[in-house]
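One letter stands for each residue in the lines below.
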Amino acid sequence: MSKKVAVVTGSNKGIGYAIVRGLCKQFDGDVYLTARNEELGKQAVKSLNSEGLSPKFHQLDITDQASIDRLRDFLKTTYGGLDVLVNNAGIAYKQESTAPFSEQVEVTIKTNYFGTLAVCDALIPLLRPQARVVNVSSMLSSSAIKKCSKEVRAKFANPKLTIDDLTKLINEFVQAAKSGNHESKGYANSAYGMSKVGVSALTEIQHRQLSADPREDILVNTCCPGYVDTDMTSHKGHKTIDQGADTPLYLALLPPGTKSPAGNFVSEREIKNWSG
Ligand code: NDP
């Protein structure tokens, strides 16, 4: 049997780095620390090497299709598949940012929703039976969906929603933000929150698809890591990166045959209703 392999996106620092650290300690296989900036990625690998851990490195920019395709081809050739995928890479504008809201929406959605989706499109076909996928979302997806109108909430909650439908909804939000009427169209006034609504809703659709997939026992879940001391939070979060990595690691390492959580939003290792 081929060696098992795990990939964590955006793992040169922050929560992703701690997820790689945890996988190196607990996952029986090769663990790939990936970063859009090769130098930062290699430095991060070195720093884990100094703790006696041996992650491998591959470049990955989740907004660059050629970069995603290179990783996919490498995994296919080297391992013939993939066993753990943690979609951790993400961005957030600072609260004090003066960038126009429409720009914040376009850039944030490009990475957090479209980047995550592009990685999934390329790598989910490689997943082997018993693979685990973790999409790192946020509790702010829950606050954002609750601020949407009843009509918009119902569209996201439609149990028959497809990925194409979801992408259409997300694009409608981006267009409305550009026209300055996203709130009157029923969307929340949060670029980051709506990008994570996309990630949380995407997970539910992927769960439905993977449940009907002939490959057995593949689980996809989404989670909030909590409020973590990273660059993203300007180090205001109260959790350490290892504490933030706890729930993503728990989901990435769910044992074979696990029935639940499956397709859920998880926080502090507990299933939460993010959209209710
Ligand atoms: P950081 O800003 O510390 O790290 C984000 C990571 O994502 C960095 O490695 C960054 O790379 C990478 N990244 C950004 N854009 C891309 C891209 N296009 N391609 C590849 N990698 C990219 O953030 P956190 O560790 O705090 O956040 C990790 C995840 O957790 C995110 O999805 C975030 O939304 C989520 N989250 C975080 C919370 C918190 O309290 N910190 C709370 C809730 C959710 P680079 O160094 O090159 O910028």
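Everything in this summary refers to the structure shown in the same document. (Residues numbered from 1 in each chain as written. Predicted model: local features only at pLDDT ≥ 70, side-chain atom pairs only at ≥ 80, totals over all residues. Heavy atoms only, no water.)

**Regarding the sheet that holds strand β4 (residues 82–87)**
Okay, step 1: Taken together, the eight strands give an open sheet; going across it, the order is β3-β2-β1-β4-β5-β6-β7-β8, and neighbouring strands pair in mixed fashion. Of all strands in the sheet, those bounded by a partner on one side alone are β3 (56–59) and β8 (270–272). For this sheet, the mean inter-axis angle between neighbouring strands, taken without regard to orientation, is 30°.
Okay, step 2: Pairing of strand β1 (residues 5–8) with strand β2 (residues 30–35) involves four bridges; the strand directions are parallel. Of the residues in β2, the one forming a bridge with V7 is Y32.
Okay, step 3: Along the sheet, helix α3 (residues 65–79) makes contact with β1, β2, β3, β4 and β5 (127–136), crossing β3 at roughly 140°. (Pairing = 2+ DSSP bridges. Helix = DSSP H or I, 4+ residues; strand = E, 2+ residues; numbered from the N terminus. Axes fitted to C-alpha atoms, helices over the stretch in contact; angles between N-to-C directions. Contact = heavy atoms within 4.5 Å.)

**So, the site of the ligand**
Okay, step 1: Close to the ligand lie 28 residues, the nearest being R36, N88, Y192, V228 and T230.
Okay, step 2: Contact distances for the ligand include 2.6 Å between an oxygen atom and a side-chain N or O atom of Y192.
Okay, step 3: Elements supplying a minimum of two residues to the shell around the ligand: α1 (14–26) and α8 (191–211). (Near = heavy atom within 4 Å. Polar contact = N/O pair within 3.5 Å; in protein donor to acceptor, adjacent residues only side chain to side chain.)

**What about the side chain of T34?**
Okay, step 1: Checked against the element boundaries, T34 lands in strand β2.
Okay, step 2: Classification of T34 by relative accessible area gives buried; the value is 0%.
Okay, step 3: A polar atom in the side chain of T34 sits 2.7 Å from the backbone oxygen of V8.
Okay, step 4: In contact with T34, other than residues within four places in its own chain, are V7, V8, T9, G10, S11, N12, F57, H58 and L60. (Buried < 20%, exposed > 50% of the residue type's maximum accessible area, 1.4 Å probe, protein only.)

**Considerations on unusual backbone geometry**
Okay, step 1: Here the residue pair S260 and P261 is connected by a cis peptide bond, since its omega of 5° sits within 30 degrees of zero.
Okay, step 2: Of note, P261 is situated in the loop between α10 (246–252) and β7 (265–267).
Okay, step 3: If you check the backbone angles, S234 has positive phi at about 50° while not being a glycine.
Okay, step 4: By secondary structure assignment, the location of S234 is in the loop between β6 (219–224) and α9 (241–244).

From the geometry alone we can't say anything about function, so treat these as descriptive.
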